[in-house]
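Read off the chains here:
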Amino acid sequence: MVTESRTTGEQGFGASPEMSPRLFAELADYIHKTAGIRMPPEKRVMLQSRLQKRMRKLGHQSYASYLRYVFSAEGTRLELQSMIDVVTTNKTDFFREPYHFDYLIEQGLPALVSRFGPKLRFWSAPCSKGHEVYTLAMVLAEYAQRHRGFDFEILGSDLSGYAIDVARRAVYPHREIEPVPMPLRKKYLMRSKDAGEQLVRIVPELRHHTRYMHMNFMDEQYHVGEKFHLIFCRNMLIYFDQETQQQVVNRLARHLHPGGLFLTGHAESLGRIDTPFVSLEPTIYQLPE
Ligand SMILES: C[S@@+](CC[C@H](N)C(=O)[O-])C[C@H]1O[C@@H](n2cnc3c(N)ncnc32)[C@H](O)[C@@H]1O
């Protein structure tokens, strides 16, 4: 828990944008324990600038005053989630790391269908603002058109409440759909009704295959129902230390059918941690039968 550091001479951020080393250390420790996210000293400037947005909004003049509020009874209810939201990095894209989607079409889906049948469950963990979920939904909907009887559902989950809200709404600025191939845009995106902005919305036919949960992978149990046939775990492990990576990957593995697939981001490897997976290709793993 972060405490106020009255003795460190914490200044209003207008006067001094620096967070005291002690306050930073306490907050970094809290973030690491609560969200798993490493906050080494070189992230201090980034953390400060993200917190400043919230401080300005709520009218706090110092980090100490803001954090005292965050951890008060009222702040825990009203502000803690927003602080966690700004601490998380939600960068994502449609068709990010497209190799995985090519792999699915060419090898992954045919293998999963022949092993498990035509009804498959997918989990985008973490899903951030939903781009990964809807990319997968487009790819799977296309597959379904070519393979009668194929059906799917996708769960998206994330620690950031803000990101989950965006994912549920499924409305995106037009500039973000750049990576979506034109034929898919025409089928699966519609112009949003907002007059001022250039926005698009994912069509209901895709949204009906998706559901979302607010979830912290630092929790011991994930209440996600039936097991999945494929889990995307891309671009989150990179923020965790090795011990946390191992805990989280092993908890996620409990929710995969034997023979199911587990995909990581291209900057992430499970090579140095102990997991039940076998590696099929770099970043593509399988839970043995
Ligand atoms: C960079 S995004 C990756 C999104 C997507 N998988 C992709 O590759 O584009 C990383 C996400 O991990 C989420 N995250 C970080 N720590 C988490 C935790 N302890 N539990 C659940 N989600 C977490 C963040 O909120 C963020 O949205």
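Residues numbered from 1 in each chain as written. Predicted model: local features only at pLDDT ≥ 70, side-chain atom pairs only at ≥ 80, totals over all residues. Heavy atoms only, no water.

### Points about the site of the ligand
At step 1: Near the ligand, the surroundings consist of 22 residues, among which A35, T92, R96, D158 and N235 are the closest.
At step 2: Between a nitrogen atom of the ligand and a main-chain N or O atom of P126, the distance comes to 2.8 Å.
At step 3: Separating a nitrogen atom of the ligand from a backbone N or O atom of F217 is a distance of 2.9 Å.
At step 4: For the ligand, the accessible surface in isolation is 610 Å², of which the surrounding protein chains cover 99%.
At step 5: Here the shell around the ligand is built from residues that sort into nine nonpolar, eight polar and five charged. (Near = heavy atom within 4 Å. Polar contact = N/O pair within 3.5 Å; in protein donor to acceptor, adjacent residues only side chain to side chain. Areas by Shrake-Rupley, 256 points an atom, 1.4 Å probe, with all protein chains shown as cover. Nonpolar A, V, L, I, M, F, W, Y, C, P; charged D, E, K, R; others polar.)

### Some points on helix 2 (residues 44-58)
At step 1: Over its 15 residues, helix 2 runs 21 Å from end to end, which matches the ideal 21 Å to within 8%, given 1.5 Å per residue.
At step 2: Within the span of helix 2, buried status applies to R44, L47, Q48, R50, L51, Q52, R54 and M55.
At step 3: Its buried side turned inward, helix 2 meets helix 1 (21-35), helix 3 (63-70) and helix 5 (80-87). (Helix = DSSP H or I, 4+ residues; strand = E, 2+ residues; numbered from the N terminus. Expected span 1.5 Å × (residues − 1). Buried < 20%, exposed > 50% of the residue type's maximum accessible area, 1.4 Å probe, protein only. Contact = heavy atoms within 4.5 Å.)

### Some remarks on the packing of helix 6 (residues 99-116) against helix 7 (residues 131-146)
Two numbers describe a pair of packed helices, the interaxial angle and the distance between the axes.
At step 1: It is the contact of helix 6 with helix 7, at a shortest axis distance of 11 Å, that shows an interaxial angle of 55 degrees. In this view, helix 6 runs oblique relative to helix 7, as classed from their interaxial angle. In this structure, helix 6 meets helix 7 at a crossing whose hand is right-handed. Contact with helix 6, carried on its side by F101, L104, I105, L109, P110 and V113, involves T135, L136, V139, L140, Y143 and R146 of helix 7 and no other residues of that element.
At step 2: A per-class count over the contact of helix 6 with helix 7 returns 10 nonpolar, one polar and one charged. (Axes fitted to C-alpha atoms, helices over the stretch in contact; angles between N-to-C directions. Parallel < 35°, antiparallel > 145°, perpendicular 65-115°, else oblique. Left-handed = near helix turned anticlockwise from the far one by under 90°.)

### Things to note about the domain arrangement of the protein chain
At step 1: Per the domain assignment, the segments of the protein chain are domain 1 (6-87) and domain 2 (99-286).
At step 2: Each of domain 1 and domain 2 was reduced to a C-alpha centroid, and the two centroids are 31 Å apart.
At step 3: Of the residues lining the interface, 11 residues belong to domain 1; the matching set on domain 2 comes to 12 residues.
At step 4: Between domain 1 and domain 2, a total of about 880 Å² is buried, with carbon and sulfur atoms accounting for 50% of that surface.
At step 5: Looking at the side of domain 1 facing domain 2, the largest losses of area belong to G36, R38 and D85, adding up to 42% of the total buried there.
At step 6: The interface formed by domain 1 and domain 2 includes zero salt bridges.
At step 7: Where domain 1 packs against domain 2, one counts nine residue pairs in polar contact (both at pLDDT 80 or more).
At step 8: At the level of elements, helix 1 and helix 5 are the ones that each hand at least two residues to the side of domain 1 that touches domain 2.
At step 9: The element contributing the most residues to the side of domain 1 that touches domain 2 is helix 1, with four residues. (Domains from an automatic or database assignment. Buried area = accessible area lost by both parts, 1.4 Å probe. Salt bridge = Lys/Arg side-chain N within 4 Å of Asp/Glu carboxyl O.)

### Topic: the pairing of strand 1 (residues 119-124)
At step 1: Taken across its six residues, strand 1 has five buried, putting it largely inside the fold.
At step 2: With six bridges connecting them, strand 1 and strand 2 (residues 151-158) associate as parallel partners. Following the sheet pairing, R121 is matched in strand 2 by E153.
At step 3: With helix 7 bridging strand 1 and the parallel strand 2, this β-α-β connection has right-handed handedness.
At step 4: Pairing geometry for strand 1 and strand 7 (residues 228-233), over three bridges, is parallel. Residue pairing across strands places S124 opposite F232, the latter belonging to strand 7. (Pairing = 2+ DSSP bridges. Right-handed = clockwise from strand over helix to strand, strands pointing away.)

### Looking at the sheet that holds strand 3 (residues 171-173)
At step 1: The strand order across the open sheet formed by three strands is 3-5-4, and the pairing between neighbours is antiparallel. At either margin of the open sheet sits one strand with a lone partner, and together these are strand 3 and strand 4 (189-191). Strand-to-strand, the axes of this sheet are offset by a mean angle of 40 degrees, without reference to chain direction.
At step 2: The pairing of strand 3 with strand 5 (residues 199-202) spans three bridges and is classified as antiparallel. Bridging across to strand 5, V171 finds its partner in R201.
At step 3: Sitting on the sheet, helix 8 (residues 161-169) touches strand 3 and strand 5, and the angle it makes with strand 3 is about 100 degrees.

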